[in-house]
Amino acid sequence: MSDRQPGFETLAIHAGAAPDATTGARATPIYQTTSFVFDDVDHAASLFGLQAFGNIYSRITNPTNAVLEERIAALEGGSAAVAVASGHAAEFLTMHALMQPGDQFVAANKLYGGSINQFNHSYKNFGWEVAWADTDDPASFEAAITPRTKAIFCESIANPGGVITDIAALSVIAKRHNIPLIVDNTMATPYLIRPFEHGADIVVHSATKFLGGHGNSIGGLIVDGGSFNWAGDARYPMLSQPRPEYSGMVLSETFGNFGFAIAVRVLGLRDLGPALSPFNAFLILNGIETLPLRMQRHSDNALTVATFLAQHPAVSWVSYPGLPSDRYHQLAERYTPKGAGAVFTFGLKGGYDAGVRLVSSLQLFSHLANIGDTRSLVIHPASTTHRQLTDAQKSAAGAGPEVVRLSIGLEDPADLIEDLDAALRG
Ligand SMILES: *Cc1c(COP(=O)(O)O)cnc(C)c1O
């Protein structure tokens, strides 16, 4: 073999996996076990003291989950990854490793509705403050930074669809203030955008969506970019200060460029507990094997459907960066040249009522709160995912009363167009 790096499609199938050493099983086995037998007392002691890598208990590590972790780290180009129970758990455990009570982080205002809720409400219980910035205006992120700011958070392709974030511009600001840039890469997946190549430091995923890809498992992933230097930085005590439970070990010093991933695992997963089931890890691994094929087809189908909607008389606007006329088209060409993803929004001339009517008339599209399934999905955010937000927050998040969001699946696009056309004619 030459020393050329394997391509993305090859990594999607092979990274992290090997035939099972005992049985020869070629597919990654589901290690459905809570615990692992120690070789002897010394082995147990070294595992508990973090002097040796190995499995103790599936809340912290599991061999099936480890294959998934290695695979996403390879696909994103990160140093290590941690699999967790959901995308929300990925966001929470990331913040838990970075934030102390009284700290603040700056977040883009165009985010998954659940993330907006998590940041605005639940994080208050920990004394963590969110400052909102305008996704389209990098300067607004810098303006929100204070001495207590510990991170910048954004999505690559942002909810509820059709928005491309200028990750490199946010990275310049994060680096100027020496804080990590966290990118939620759920909507793009590493097939479309690899945030570390644009200066991100940490990537989080809801694996529930396109990585799993079949609408059957909730899961989340945290990927350490290995780029941020935590050592000696008192602003990040979880990483830079001696840990009493590990005999004074400093995680960033002992584990170097994957110290953040270790902190998430041995402090976050260990103490807070949102572990991913190995069965879900197995299903998500199966999904990732076809990720390149699926994301390309998702994007191609979405462009076909968006092009159809853009000329439909019942539609007032379509927000899909793959359309040449779109305001994000230039950013899309720069960040996601293979396609702009599956999820986008459009506006109905008939407003809120027309949105409610459309979701009840569609036959092939499923009306539900998810994205990234093989099946095409539809939702009216104002009456569902974004209903907890105020009207101003809804509009700021791109979820006004006339907005409908589609997640385009892998069906024949002609059938999707026929279903939409029939429902729009009502
Ligand atoms: C779904 C989603 C989440 C939350 O993930 P869960 O797996 O549902 O907890 C976070 N971010 C984005 C962009 C999402 O689409």
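Residues numbered from 1 in each chain as written. Predicted model: local features only at pLDDT ≥ 70, side-chain atom pairs only at ≥ 80, totals over all residues. Heavy atoms only, no water.

Concerning helix 4 (residues 87-98)
- The end-to-end C-alpha distance of helix 4, which contains twelve residues, comes to 17 Å, matching closely the 16 Å that a straight helix rising 1.5 Å per residue would cover.
- Among the twelve residues of helix 4, eleven are classified as buried, and the element is accordingly described as predominantly covered.
- All of the buried residues in helix 4 are Gly87, Ala89, Ala90, Glu91, Phe92, Leu93, Thr94, Met95, His96, Ala97 and Leu98. (Helix = DSSP H or I, 4+ residues; strand = E, 2+ residues; numbered from the N terminus. Expected span 1.5 Å × (residues − 1). Buried < 20%, exposed > 50% of the residue type's maximum accessible area, 1.4 Å probe, protein only.)

Points about the sheet that holds strand 4 (residues 149-155)
- Sheet architecture is open: seven strands sit in the order 1-9-8-7-4-2-3, paired in mixed fashion. Because the sheet does not close on itself, it has two edges, and the strands there are strand 1 (80-84) and strand 3 (129-133). Taking the axes of each pair of neighbouring strands and ignoring which way they run, one obtains an average angle of 20 degrees across the sheet.
- Of the pairings in the sheet, the one linking strand 7 (residues 181-184) to strand 8 (residues 202-206) comprises three bridges and is parallel in character. Across the sheet, the residue bridging to Val183 is Val203, located in strand 8.
- Strands in contact with helix 5 (residues 113-120) are strand 2 (104-108), strand 3 and strand 4; relative to strand 3, the strand with the most contacts, it is inclined by about 135 degrees. (Pairing = 2+ DSSP bridges. Axes fitted to C-alpha atoms, helices over the stretch in contact; angles between N-to-C directions. Contact = heavy atoms within 4.5 Å.)

Quick word on unusual backbone geometry
- Look at Asn178: it is not a glycine, yet its phi comes out positive at around 55 degrees.
- Residue position: Asn178 is located in the loop between helix 7 (167-176) and strand 7.
- Residues other than glycine seldom take positive phi values, yet Thr189 does so here, at roughly 60 degrees.
- By the element assignment, Thr189 lies in helix 8 (residues 189-192).

Focus on the UniProt feature "modified residue: N6-(pyridoxal phosphate)lysine" (unreviewed entry) in the chain
- Look at the UniProt record and you will see "modified residue: N6-(pyridoxal phosphate)lysine" (unreviewed entry) annotated at Lys209.
- Relative to the helices and strands, Lys209 resides in the loop between strand 8 and strand 9 (220-224).
- Dropping the residues within four chain positions of it, Lys209 is found in contact with Tyr112, Thr186, Asn370, Ile371 and Gly372. (UniProt positions renumbered as here; feature names shortened; annotations may be inferred.)

Side note on the pattern of salt bridges
- A complete count under the given rule lists 15 salt bridges for this structure.
- Residue Arg148 is joined to Asp103 by a salt bridge in which the shortest nitrogen-to-oxygen separation is 2.7 Å. Here Arg148 is found in the loop between helix 6 (138-143) and strand 4, whereas its partner Asp103 is found in the loop between helix 4 and strand 2, with 45 residues between them in sequence.
- For Lys150, the salt bridge is made with Asp103, and the minimal N-O distance between the two is 2.6 Å. Of this pair, Lys150 sits in strand 4 while Asp103 sits in the loop between helix 4 and strand 2, and the two are 47 residues apart along the sequence.
- Since its relative accessible area comes to 5%, Lys150 is described here as buried.
- Note on Asp103: relative accessible area 0%, which makes it buried.
- Several salt bridges share partner residues, and in doing so they unite Lys110, Asp134, Asp136 and Arg327 into one network. (Salt bridge = Lys/Arg side-chain N within 4 Å of Asp/Glu carboxyl O.)

A short note on the packing of aromatic side chains
- Evaluated as defined, the whole model comprises 20 aromatic pairs.
- Here the aromatic rings of Phe119 and Phe153 are separated by 5.0 Å at their centres, their planes lie at 90 degrees, and the arrangement is edge-to-face. Highlighted residues: Phe119 in helix 5 and Phe153 in strand 4, separated in sequence by 34 residues. Residue Phe119 shares its accessibility class with Phe153, and that shared class is buried.
- Among the aromatic residues, those joined into a cluster by ring pairs are Phe92, Phe105, Phe119, Tyr123, Phe126, Trp128, Trp132 and Phe153. (Phe/Tyr/Trp six-rings, centres within 6.5 Å; stacked < 30°, edge-to-face > 60°.)

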